[in-house]
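Structural description and commentary
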Amino acid sequence: RNYSAGPRSSLSPERGHKSAGMSLVKVSVDSFEVKKEDAHPFCAYELTVTEGGKSHTLSRRWNDLKLMYEELQKEHKAELHAARDRVPKFEPHSWRLGGSHLDPDFLKQRQSRMEELLQALLDAFDISLAAESGPECVRTFLAANGRPSARRTWIPSSSSCVSGIGQAGRRSVS
């Protein structure tokens, strides 16, 4: 099933207007879809990234967000700590039994939290994809033609966000 978002987030300022701490890059998490890989269901979120009047869409899993955030914590710990009042706390996983991790209400909450966190990171770090400014792992996460990672979320990762999510948005499996 494919679920689309309700009303757009109120986090985004009027397009084209930049104020201190507000990125010109905007992200919206428009929908999610439950998919299967090797008979294991997972959720992929459809994101739209806009900068300078140009937009692209990509698909990411919650675990992709987790890997990006872990890399951000490693590489930009001080900056992330300084922005803690503007960036919501990220809760990587909540343990749910059976198929309840694919419950539409739960996934809608994650969809909303993903958009809120990403836009807050874009604003806090003043990220520009076109100018290649800001943390590389966030820019890689939002890169065009992104697809959800090939690995299931419960398999531990030994690679970082930057090396783990490739140009086409695929995580390398080692």
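Procedures and definitions
- Residues numbered from 1 in each chain as written.
- Predicted model: local features only at pLDDT ≥ 70, side-chain atom pairs only at ≥ 80, totals over all residues.
- Heavy atoms only, no water.
- Phe/Tyr/Trp six-rings, centres within 6.5 Å; stacked < 30°, edge-to-face > 60°.
- Helix = DSSP H or I, 4+ residues; strand = E, 2+ residues; numbered from the N terminus.
- Buried < 20%, exposed > 50% of the residue type's maximum accessible area, 1.4 Å probe, protein only.
- Core = buried A, V, L, I, M, F, W, Y, C linked by side-chain atoms within 4.5 Å.
- Contact = heavy atoms within 4.5 Å.
- Salt bridge = Lys/Arg side-chain N within 4 Å of Asp/Glu carboxyl O.

To describe a pair of aromatic rings, you give the distance between the ring centres and the angle between the ring planes. In total, this model carries four aromatic pairs according to the counting rule given. Aromatic pair Tyr69 and Phe90: ring centres 5.0 Å apart, planes at 45°, arrangement tilted. Linking Tyr69 in helix α1 (residues 62-75) with Phe90 in the loop between α2 (77-82) and α3 (104-125), this pair joins segments that are 21 residues apart in sequence. Residue classification places Tyr69 among the buried positions, given a relative accessible area of 10%. The exposure class assigned to Phe90 is buried, which follows from its relative accessible area of 12%. Through a chain of ring-to-ring contacts, three or more aromatic side chains come together here, namely Phe32, Tyr45, Trp62, Tyr69 and Phe90.

Membership of the largest hydrophobic core comes to 33 residues, with the highest contact counts inside it found for Tyr45, Leu47, Leu65, Leu118, Leu121 and Leu142. With residues up to four places along the chain from it excluded, the contact list for Leu65 reads Phe90, Met114, Leu117, Leu118 and Phe141.

By the definition in use, this model includes three salt bridges. A salt bridge links Lys26 to Asp123; the nearest nitrogen and oxygen atoms lie 3.8 Å apart. Placement of the pair is Lys26 in strand β2 (residues 26-37) and Asp123 in helix α3, with a sequence separation of 97 residues. For the pair Lys26 and Asp123, one class covers both residues: buried. Note that Glu71 and Lys74 form a salt bridge whose closest N and O atoms lie 3.5 Å from each other. Of the two residues, Glu71 and Lys74 are both situated in helix α1; the distance of three residues between them amounts to about one turn of the helix. For Glu71, a relative accessible area of 6% corresponds to the buried category. Look at Lys74 and you get exposed, because its relative accessible area is 59%.

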